[in-house]
Amino acid sequence: MISLDEKTIRASFVNASRKETSDLTFPAGFADLDWDRLDYLGWIDPKMAKRAYIVVPLPDGPVGIVLRQADAAPRSRAQCSWCQDVHLPNDVVLYSARRTGPAGRNGNTVGTLICSKFECSTNVRKLPPSAYIGFDREAARGQRIAVLRQRVTDFATGVVLGV
């Protein structure tokens with residue numbers, strides 16, 4: 001992911017009001033992020049525990065999306081829809097996002113299960129165990145990174161286009 005500054009990120013939000021983007025609180029350590037190891041930027045608002053943000057790099061530029069964490073937690077151990085890591089070091093929660101345009105004004109949302117603290121980029125970069133003799137672990141890691149990027153892109157596109 002390319003490095004982004006606070007002004008660019010604030011301007012990228014597609015499903016937020018001006019008030020929401022001006023009230024946005026950046027995560028601690030924002031200035032020290034390793035952008036080369038991120039497929040998307042995601043964080044929980046330190047001032048509002050149920051609000052989170054993601055910024056997804058799309059071909060036309062970054063797209064920021066405001067997320068809301070569901071009040072109820074999954075009853076059983078859920079799997080992240082994005083990284084699909086089976087050895088999760090963290091919880092998975094349901095996040096929803098208001099769609100853009102008329103659909104969003106009508107209250108339509110889209111939801112997905114995501115790592116609670118947005119560790120997907122770290123999870124997919126872990127070297128997978130060897131499945132069989134001759135298994136290309138580096139290729140498998142590269143495939144997991146590509147699949148994560150596609151899933152995040154599809155989610156952001158669904159919010160923007162309302163599909």
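What you see is a predicted model; the values in this text were computed from it and never measured.

What counts, and where the lines are drawn
Residues numbered from 1 in each chain as written. Predicted model: local features only at pLDDT ≥ 70, side-chain atom pairs only at ≥ 80, totals over all residues. Heavy atoms only, no water. Helix = DSSP H or I, 4+ residues; strand = E, 2+ residues; numbered from the N terminus. Rg over C-alpha atoms; globule rule 2.2 N^0.38 Å. Buried < 20%, exposed > 50% of the residue type's maximum accessible area, 1.4 Å probe, protein only. Contact = heavy atoms within 4.5 Å. Lys, Arg positive; Asp, Glu negative; His and termini not counted. Charge placed at Lys NZ, Arg CZ, Asp CG, Glu CD. Phe/Tyr/Trp six-rings, centres within 6.5 Å; stacked < 30°, edge-to-face > 60°. Salt bridge = Lys/Arg side-chain N within 4 Å of Asp/Glu carboxyl O. Pairing = 2+ DSSP bridges. Axes fitted to C-alpha atoms, helices over the stretch in contact; angles between N-to-C directions.

Trainee: How do you make sense of the overall build of the chain when you look at a structure like this?
Mentor: When helices and strands are tallied, the chain shows 5 helices and 5 strands. Mapped in sequence order, the helices and strands of the chain form the string α-α-β-β-β-β-α-β-α-α. For the chain, whose C-alpha radius of gyration is 16 Å, the value lies close to the compact-globule estimate of 15 Å for 163 residues. Principal-axis analysis of the C-alpha atoms places the extent of the chain at approximately 55 × 35 × 30 Å. When each of the 163 residues of the chain is scored for burial, the buried share is 43%. Long-range contacts, defined here as pairs at least 24 residues apart, represent 57% of the contacts in the chain between residues at least 6 apart. A gap of 6 Å separates the mean positions of the 22 positive and 17 negative side-chain charges of the chain.

Trainee: Explain the packing of aromatic side chains to me, please; I cannot follow it from the model alone.
Mentor: In this description, an aromatic ring pair is defined by two values, namely the gap between the centres and the angle between the planes. Taken as a whole and judged by the stated rule, the model has 10 aromatic pairs. Judged by centre distance (5.1 Å) and plane angle (40°), the rings of Trp 43 and Tyr 53 are tilted. You can see Trp 43 sitting in strand β1 (residues 41–44) and its partner Tyr 53 sitting in strand β2 (residues 51–58), a full 10 residues away along the chain. The exposure class of Trp 43 is buried, given its relative accessible area of 4%. Ring geometry for Tyr 95 against Phe 118: centres 5.2 Å apart, planes inclined by 25°, an arrangement best described as stacked. Of the two residues, Tyr 95 sits in strand β4 (residues 92–98) while Phe 118 sits in the loop between β5 (109–115) and α4 (120–124), which places them 23 residues apart along the sequence. Each member of the pair, Tyr 95 together with Phe 118, is buried.

Trainee: Explanation requested: the pattern of salt bridges in the structure shown.
Mentor: As a working rule, side chains carrying opposite charge can pair if their charged atoms are close by. Overall, the coordinates contain 8 salt bridges when judged by the stated rule. Between Lys 50 and Asp 71 there is a salt bridge, with the nearest N and O atoms lying 4.0 Å from each other. Taken together, the positions of Lys 50 in the loop between β1 and β2 and Asp 71 in the loop between β3 (61–69) and β4 put the pair 21 residues apart, joining distant regions of the chain. Residue classification places Lys 50 among the partly exposed residues on the basis of a relative accessible area of 32%. Assessed through its relative accessible area of 61%, Asp 71 is described here as exposed. Three or more residues are tied together by salt bridges with common partners; here these are Glu 20, Arg 51 and Arg 98.

Trainee: What exactly am I supposed to notice about the sheet that holds β5 here?
Mentor: Strands pair in a sheet through their backbones, by hydrogen bonds, and they do so in one of two ways: parallel or antiparallel. Strand order across the open sheet formed by 5 strands is β1-β2-β3-β4-β5, with antiparallel pairing between neighbours. The two strands at the open ends of the sheet, each matched to only one other strand, are β1 and β5. Direction aside, neighbouring strands of the sheet carry axes that sit 30° apart on average. Of the pairings in the sheet, the one linking β4 to β5 comprises 7 bridges and is antiparallel in character.

Trainee: Looking at this model, I keep getting lost on the pairing of β1. Mind explaining?
Mentor: Within a regular strand, the side chains alternate between the two sheet faces. Direction of pairing for β1 relative to β2: antiparallel, over a ladder of 4 bridges. Looking at the pairing, Ile 44 lines up with Ala 52 of β2. In textbook terms, the turn of a hairpin is the stretch between consecutive antiparallel strands, and for β1 and β2 this stretch comprises 6 residues.

Distances and angles like these do not, on their own, reveal function.
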